[in-house]
Amino acid sequence: MKTPLSLERFRALLAAYGARPELWPDTERAAALALRDASVEARALFDEEAGLDATLGALPEPYVSPDFLRRLKEVPLRAPQKRRWFALPGMWIPAVSWAFAAVLGLGLGFSTDALDTGEADGGSTVATVDSAAPSGEDAAATGEEDFFSALALDALDELEE
Amino acid sequence: MVSHSQHPAEIDDDALLVLRVGEGDVAAYRALVERYAAKLSRFAERLLRDGTEAEDVVQETFLRLWQRASEYQPKARVTTWLHRITHNLAVDRLRARGRTLPLPEEEEMPVSARQPTLLDEKRRVVALEAALAALPERQATAIVLVHLHGLTGAEAAEVLGVGMEAVESLLARGRRALKSELTGLVKAEGGAA
């Protein structure tokens, strides 16, 4: 439920914003319109202000010369933009690409390390893949098979055969 | 005719254009020039009362729009942002000239003393423009921002760097002076008839 507006405040709104409800503050507009519709005095005050608003509304748009407008439109041709480096969309593409490449490289590096470790440590790493795998060279060989199998390289081998 | 209020769709459109300007979109920049050049010119001229300086200020405003669009925060409407830049640049120029903006309490000169009696509606509009030009600077600025450019009272307060009460007071005193001038004209027309 909206708070009623006093006639005094209604008068102040009209004095500042005129008889144009769209200019009245949002928080008071509904109450002011209700008062205008309910009170003969408020309606008379509203109508009295409307004359000035009509004349203000009839003021012509200021003239802007075509030459000045052209100069304004040419500003981008003369002045470079000042942009924060992180706001530049082009900067993100190489940055993300390098980051992706780095992560991929690290990932592959760790995988290769894992194989090397499996060979050296007698299959401790490979054992996590296949707990039944034997230790030693067999384990390393099995580990290699699993790795290339994961990459679907054995399927390529079959095709070659 | 003056467009009095901005539609919410237009507001969003403005903000989108500024975001595109921030990405280097020249077409978006030019659309904003089309939309705001006239309003900002009138605003700057009202503040500086010098057409050449007003053009310089508007050009600087659009240069800043072009160069700093990526800094725009959509918290403020684009129209408020642009008017505030123009206002600050104009005030800087006035200070450089050794002038300050006239205070709101500045004595108001009776416009009728400078204007001949005007009879028809077209001349009534001309008289209103003259009366607006004769208002103390901050009253006229408030009237232009709210009644001609469609800013809200809160937005006009932000541009002028004052509170809501002060803006309402400036608007009320400005409107009272304009009404008084128009009422004087109507009486003069009645007397002449």
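Residues numbered from 1 in each chain as written. Chains lettered and ligands numbered in written order. Predicted model: local features only at pLDDT ≥ 70, side-chain atom pairs only at ≥ 80, totals over all residues.

(A) Quick peek at the overall build of chain A. A tally of regular secondary structure across chain A gives 9 helices and 0 strands. Along chain A, from the amino end to the carboxyl end, the secondary structure elements read α-α-α-α-α-α-α-α-α. Relative to its full complement of 161 residues, chain A shows a buried share of 16%. Pairs at least 24 apart in sequence give 42% of the contacts found in chain A among residues at least 6 apart. (Helix = DSSP H or I, 4+ residues; strand = E, 2+ residues; numbered from the N terminus. Buried ≥ 20, exposed ≤ 12 C-beta atoms within 10 Å, placed from the backbone. Contact = placed C-beta atoms within 7 Å.)

(B) The arrangement of the overall build of chain B in detail. Within chain B one finds 8 helices and 0 strands. Shown N-terminal to C-terminal, the secondary structure of chain B runs as helices and strands in the order α-α-α-α-α-α-α-α. When burial is assessed residue by residue, chain B has 42% of its 193 residues classed as buried. Residue pairs at least 24 apart in sequence account for 67% of intrachain contacts in chain B once pairs closer than 6 positions are excluded.

(C) Broad picture of the interface of chain B and chain A. The partner chain A presents 32 residues to the 39 residues of chain B that form the contact. Only α2 (26-48), α3 (51-68), α5 (121-134), α6 (137-148) and α8 (164-192) of chain B provide two or more residues apiece to the side of chain B that touches chain A. Class assignment for the residues of the side of chain B that touches chain A results in 18 nonpolar, 10 polar and 11 charged. (Nonpolar A, V, L, I, M, F, W, Y, C, P; charged D, E, K, R; others polar.)

(D) Representation of the nonpolar core in the model. All names here are of chain B. In terms of nonpolar packing, the biggest core is built from 64 residues, with V21, A44, L65, A142, V146, A156 and L171 touching the most fellow members. Element by element, the count of residues in this core is highest for α2, at 10 residues. Apart from residues no more than four positions distant in its own chain, A156 is found in contact with A142, L145, V146, L151 and V167. (Core = buried A, V, L, I, M, F, W, Y, C linked by C-beta atoms within 7 Å.)

(E) Representation of the confidence of the model for chain B within the structure. All names here are of chain B. Per-residue confidence for chain B gives a mean pLDDT of 82; residues scoring 70 or more make up 78%. Overall, residues 102-119 carries pLDDT values under 50, and its contacts beyond four positions in sequence, including any with other chains, amount to 28 contacts. As a predicted assembly, this complex carries a pTM of 0.66 together with an ipTM value of 0.75. (pLDDT = per-residue confidence, 0-100.)

(F) Quick peek at α2 of chain B. With 23 residues, α2 of chain B should cover 33 Å at 1.5 Å per step; its first-to-last C-alpha distance of 29 Å lies more than 12% under that length. The sharpest bend along α2 of chain B measures roughly 50 degrees and falls at Y36 of chain B. (Expected span 1.5 Å × (residues − 1). Bend = angle between axes of the 7 residues up to and from the residue.)

(G) Highlighting α3 of chain B. Compared with an ideal rise of 1.5 Å per residue, which puts 18 residues at 26 Å, α3 of chain B spans 25 Å between its outermost C-alpha atoms and is within 8% of the ideal. Looking only at α3 of chain B, the buried set comprises A54, E55, V57, V58, T61, F62, R64, L65 and W66 of chain B.

(H) Local environment of the environment of F62 of chain B. The topology assignment puts F62 of chain B in helix α3. Excluding residues within four positions of it along the chain, F62 of chain B makes contact with L72 and V75 of chain A together with V33 of chain B.

(I) Region of the structure containing the environment of G161 of chain B. Residues and elements named next belong to chain B. Structurally, G161 is set in the loop between α7 (153-160) and α8. Overall, the presence of 11 C-beta atoms within 10 Å leaves G161 in the exposed class. For the pair formed by G161 and R84, sequence separation is 77 residues and the distance between their alpha carbons is 9.1 Å.

(J) Main features of unusual backbone geometry. Residues and elements named next belong to chain B. Not every positive phi belongs to a glycine, and R49 is a case in point at roughly 55 degrees. Of note, R49 is situated in the loop between α2 and α3. Here R49 falls in the exposed class, since 12 other C-beta atoms lie within 10 Å of it.

(K) Focus on the packing of α2 of chain B against α6 of chain B. Residues and elements named next belong to chain B. Two elements in contact, α2 and α6, have axes separated by 9 Å at closest approach and are oriented at 170 degrees. Relative to α6, α2 is oriented roughly antiparallel. From α2, R42, F43, R46 and L47 reach across to α6, where they touch E137, A140, T141 and V144. For the contact of α2 with α6, a count of residues per class yields 4 nonpolar, 1 polar and 3 charged. (Axes fitted to C-alpha atoms, helices over the stretch in contact; angles between N-to-C directions. Parallel < 35°, antiparallel > 145°, perpendicular 65-115°, else oblique.)

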